[in-house]
Amino acid sequence: MTPETYMHRYHASCGCEEESAVTAEELFPACPLAAAETGREGCGCGQTEPTPAPLPTCCCKASMVEALRLLCNTELAEVVDFDAFFFLTDFLAVGGNLSVPATGPDNIAGLAASFQRFSPCNCDLIDVSGTAYFSTPGPTTLALDEIDQLSLCSVKALAFDLVDPTTPEETETAIYRRALRYLRRTIQAEGGTTSGCGTCGAHCDCDGCCCDEGLLAELATRNLSRQATLTVGPLVLQDVTVLGSIGSVLVLADEAQRRIYFVCVSGVEALG
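Reference entry: report on the structure contained in this document.

Parameters and conventions
- Residues numbered from 1 in each chain as written.
- Predicted model: local features only at pLDDT ≥ 70, side-chain atom pairs only at ≥ 80, totals over all residues.
- Heavy atoms only, no water.
- Phe/Tyr/Trp six-rings, centres within 6.5 Å; stacked < 30°, edge-to-face > 60°.
- Helix = DSSP H or I, 4+ residues; strand = E, 2+ residues; numbered from the N terminus.
- Buried < 20%, exposed > 50% of the residue type's maximum accessible area, 1.4 Å probe, protein only.
- Contact = heavy atoms within 4.5 Å.
- Core = buried A, V, L, I, M, F, W, Y, C linked by side-chain atoms within 4.5 Å.
- Salt bridge = Lys/Arg side-chain N within 4 Å of Asp/Glu carboxyl O.

**Section: the packing of aromatic side chains**
Inspection of the entire model under this criterion finds six aromatic pairs. With 5.6 Å between their ring centres and 35° between their planes, Phe85 and Phe115 make a pair best called tilted. Within this pair, whereas Phe85 is found in strand β3 (residues 80-88), its partner Phe115 is found in strand β5 (residues 114-118), the two being separated by 30 residues in sequence. The buried category is assigned to Phe85, whose relative accessible area is 0%. Summarising the aromatic geometry, the rings of Phe160 and Phe262 are spaced 5.6 Å apart at their centres and angled 80° between planes, so their arrangement reads as edge-to-face. Residue Phe160 is found in strand β8 (residues 157-162), and its partner Phe262 is found in strand β12 (residues 259-264); the two are separated by 102 residues along the sequence. As far as burial versus exposure is concerned, Phe160 and Phe262 are alike and both buried. Pairwise contacts between aromatic rings join Phe82, Phe85, Phe87, Phe115, Phe118, Phe160 and Phe262 into one cluster.

Structure, rendered in structure tokens:
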């Protein structure tokens, strides 16, 4: 699927040509049923009576929404391969299994999942396509041959590759640098490594505050090279470049593979 096909298929009414035009209502497709019929308002966050039970605390979800929202911008969408994604949850690796040991910047054996959009009528789901494996590193163990949706609250990390050059004047390095320029500019505009503490409640998915300022500060200031080695459950990232953070989501990159990573800070277990 080319970037142009992706934008036409999934964002025909999104108004994504300009970043400033993107709104939550446009990115989250509207529910075709009236709120009175579904018992919900908007895209599933505003609830009518009876009052629902408290939702689980997963403060990274709000930041992951903001990070994925970047892909709606034409400047970044033009260089992202939407059919080369990988998603990690506590128990599943979607798009490829995890290898042992890590032979490069990461231990992801393949990025073969597709990211499509946020699911209509539901703030909690994203539409994807791919094979799910149990996330235990090692020999391939199939969990589900094909999945259609993922709970965004369960996603601890994701990775995606960039497109290959399509013209003789374009190079892989130039495409990678275009992506990094946009990400760095956006992160700086968002306030750099400021934690998302206190803002996640606006997305109706937290009944508490998940703060990771200490880890964010450590990754931002521990060295001048901006390189980091870390683990997120069974996922290992080695000497990747720290671009910054959007709320509680770390944005990392690797030039050799031209790969971008979004990682929930709360999922980071060890630093190398």
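**Focus: the environment of Tyr261**
Tracing the chain through its elements places Tyr261 in strand β12. Judged by relative accessible area, Tyr261 falls into the buried class, the value being 1%. With 12 residues separating them along the chain, Tyr261 and Val249 place their C-alpha atoms 9.5 Å apart. Sequence-distant contacts of Tyr261, that is, excluding residues within four places in its chain, are made with Pro105, Asp106, Ile108, Leu158, Ala159, Leu237, Val240, Leu250, Val251, Leu252, Ala253 and Asp254.

**Observations regarding the nonpolar core**
One finds Leu68, Phe85, Phe87 and Phe262 to be the most contacted residues of the largest nonpolar core, which totals 44 residues. Take this core: its biggest share by element is seven residues, from helix α6 (residues 172-189). The residues touching Leu68, leaving out its near neighbours within four places in the chain, are Phe115, Phe118, Ile126, Leu152, Leu158 and Phe262. Within the second largest apolar cluster, 24 residues are counted, among which are Leu98, Ile108, Leu216 and Tyr261.

**What to know about the pattern of salt bridges**
The tally for this structure, following the rule as stated, stands at 10 salt bridges. For Glu78, the salt bridge identified is with Arg178, shortest N-O distance 3.2 Å. A residue pair is termed long-range when its members are at least 10 positions apart, and Glu78 in the loop between α5 (74-77) and β3 and Arg178 in helix α6 qualify at 100 residues. Arg178 gets classed as partly exposed once you look at its relative accessible area, which sits at 27%. One salt bridge connects Arg259 with Asp161, and the closest N-O pair in it is separated by 2.7 Å. Pair noted here: Arg259 is in strand β12 and Asp161 is in strand β8, with a separation of 98 residues, a long-range link. We note that Arg259, like Asp161, is buried. Through salt bridges that share partners, Glu78, Glu170 and Arg178 make up one connected network.

It is worth stressing that arrangement in space is one thing and function is another; only the former is reported here.
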